[in-house]
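What the coordinates show
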Amino acid sequence: MAMHQVARAGEIERAYAGGDPRFDIEHHGCVLSAVINSAAFLEAMVNELYQDAADGHGFNSDGYLAPLGDDTRRRMAQLWRETAGGQRLRVMAKYQMLLALAGRESFDPGAQPYQDGREVIRLRNALVHFIPESIDSDEAHAMEKHLRGRFRDNAFMAGTGNAWWPDFCLGHGCSTWAHMSAVALADKVSQALGIRPNYQRVRLDNWKGYERAPGESASR
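The structure contained in this document is the topic of the report that follows. Keep in mind it's a predicted model, so treat the numbers as computed, not measured. (Residues numbered from 1 in each chain as written. Predicted model: local features only at pLDDT ≥ 70, side-chain atom pairs only at ≥ 80, totals over all residues. Heavy atoms only, no water.)

1. Topic: the overall build of the protein chain
When you go through the protein chain residue by residue, the secondary structure sums to ten helices and zero strands. Secondary structure of the protein chain in N-to-C order comes out as α-α-α-α-α-α-α-α-α-α. In terms of overall size, the protein chain behaves like a compact globule, its C-alpha atoms giving a radius of gyration of 19 Å where 220 residues would be expected to give roughly 17 Å. Looking at the 220 residues of the protein chain, the share that counts as buried comes to 44%. Here the contacts in the protein chain between residues at least 6 apart in sequence split such that 63% fall between residues at least 24 apart. (Helix = DSSP H or I, 4+ residues; strand = E, 2+ residues; numbered from the N terminus. Rg over C-alpha atoms; globule rule 2.2 N^0.38 Å. Buried < 20%, exposed > 50% of the residue type's maximum accessible area, 1.4 Å probe, protein only. Contact = heavy atoms within 4.5 Å.)

Spelled out as structure tokens, the structure:
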């Protein structure tokens with residue numbers, strides 16, 4: 001879904017091609033959906049690994065938890081049960097603890113892909129738990145400080161005096177960054193653990209009937 005919405009947001013911005021600044025409801029909806037779904041993917045991916053460890057699923061043959069070994073899977077299951085299914089853990093902490101439980105090096109919080117993954121979650125939270133505020137509020141300045149420069153500004157706002165957050169922030173560039181950042185972090189963890197989780201298998205299976213991934217150009 002995130003990939004599909006990223007592609008559609010890009011199509012809308014390209015069709016706009018430098019017209020008068022305006023608010024486009026479909027474009028805005030696509031960007032919001034892409035960001036929220038990218039963050040949801042990050043959370044669902046790591047939750048699935050822990051839950052399957054607790055359920056004893058995927059341990060044998062080609063199961064994606066088979067490469068981790070009995071001790072790692074047992075530690076994962078124990079942590080999951082003792083935290084009520086991870087309810088007491090933040091998303092990025094789940095990834096860090098997963099690497100530690102498997103005896104792998106944890107992410108450097110000051111480096112990629114941890115930084116962008118954390119910011120995707122921060123952005124999702126700001127959108128989902130939005131509270132009306134002054135455009136000159138501390139929160140608006142904080143969002144700009146954390147996110148500006150990570151992606152291209154929203155083309156629909158070019159030439160306006162609107163505040164960067166949220167108007168210039170929420171464009172195709174933001175949605176692309178959110179999706180790519182989420183996948184980069186999930187791929188990095190999968191590589192470190194030596195596993196191939198469900199999303200990677202679906203990707204290799206031509207996205208369940210797509211000739212290519214949703215939104216992916218034929219030239220790629």
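2. Focus: the side chain of Asp52
Positionally, Asp52 belongs in helix 2 (residues 25-55). Of the side chains with opposite charge, Arg201 lies nearest to the buried Asp52, which makes no salt bridge, at 9.7 Å. Non-local contacts of Asp52, meaning those with residues more than four positions away in its chain, are made with His57, Phe59, Tyr64 and Leu65. (Lys, Arg positive; Asp, Glu negative; His and termini not counted. Salt bridge = Lys/Arg side-chain N within 4 Å of Asp/Glu carboxyl O.)

3. Comments concerning helix 8 (residues 172-193)
The terminal C-alpha atoms of helix 8, which comprises 22 residues, lie 32 Å apart, in line with the 32 Å expected from a rise of 1.5 Å per residue. In the stretch just after helix 8, Gly194 is the one whose phi turns positive, near 70°. (Expected span 1.5 Å × (residues − 1).)

4. Quick word on the environment of Glu105
With respect to the secondary-structure elements, Glu105 resides in the loop between helix 4 (91-101) and helix 5 (114-128). Between the C-alpha atoms of Glu105 and Ala53, which are 52 residues apart in sequence, the distance is 20 Å.

5. Remarks on the nonpolar core
Membership of the largest hydrophobic core comes to 57 residues, with the highest contact counts inside it found for Met76, Leu123 and Trp165. Excluding residues that lie within four positions of it along the chain, Met76 makes contacts with Leu49, Tyr50, Ala53, Leu65, Leu68, Leu98 and Leu101. (Core = buried A, V, L, I, M, F, W, Y, C linked by side-chain atoms within 4.5 Å.)

6. A look at the environment of Arg150
Assignment of secondary structure puts Arg150 in the loop between helix 6 (138-147) and helix 7 (164-168). With a relative accessible area of 27%, Arg150 lands in the partly exposed category. Ignoring sequence-local partners within four residues, the contact set of Arg150 consists of Gln112, Gln115, Asp116, Glu119 and Trp177. Within the structure, the side chain of Arg150 is placed 2.4 Å from the side chain of Asp116, a separation counted as a polar contact. (Polar contact = N/O pair within 3.5 Å; in protein donor to acceptor, adjacent residues only side chain to side chain.)

7. Looking at the packing of aromatic side chains
A full pass over the atoms with the stated rule returns six aromatic pairs. An angle of 80° between the planes, with centres 5.1 Å apart, marks the rings of Phe41 and Tyr199 as edge-to-face. Of this pair, Phe41 sits in helix 2 while Tyr199 sits in helix 9 (residues 198-204), placing them 158 residues apart in sequence. By relative accessible area, Phe41 is classed as partly exposed at 22%. Aromatic rings pair up to connect Phe151, Trp164 and Trp177 into one cluster. Seen from the ring of Phe59, Arg73 lies directly overhead, with NZ or CZ sitting 4.2 Å from the centre. (Phe/Tyr/Trp six-rings, centres within 6.5 Å; stacked < 30°, edge-to-face > 60°. Lys NZ or Arg CZ within 6 Å of the ring centre and 35° of its normal.)

8. Some words on helix 4
Extensive coverage of helix 4 is indicated by the burial of eight of its eleven residues. Every buried residue belonging to helix 4 is among Val91, Met92, Lys94, Tyr95, Gln96, Leu98, Leu99 and Leu101, and all of these are buried. Tucked into the core, helix 4 has its buried residues touching helix 2, helix 3 (70-82), helix 5 and helix 8. Two residues or fewer past helix 4, Gly103 is found with a positive phi of approximately 75°.

9. Some points on the side chain of His172
Within the secondary structure, His172 is located in helix 8. A distance of 3.3 Å separates the side chain of His172 from the side chain of Arg152, its partner in a polar contact. In this structure His172 touches Val6, Ala9, Gly10, Glu13, His27, Val31 and Arg152, once residues within four positions along its chain are discounted.

10. What about the pattern of salt bridges?
Two side chains carrying opposite charge are able to pair once their charged atoms lie near each other. Counted according to the given criterion, the structure contains 13 salt bridges. We note a salt bridge from Asp62 to Arg196, for which the minimum N-O separation is 3.8 Å. Placement of the pair is Asp62 in the loop between helix 2 and helix 3 and Arg196 in the loop between helix 8 and helix 9, with a sequence separation of 134 residues. Taking relative accessible area as the criterion, Arg196 reaches 36% and is therefore assigned partly exposed.

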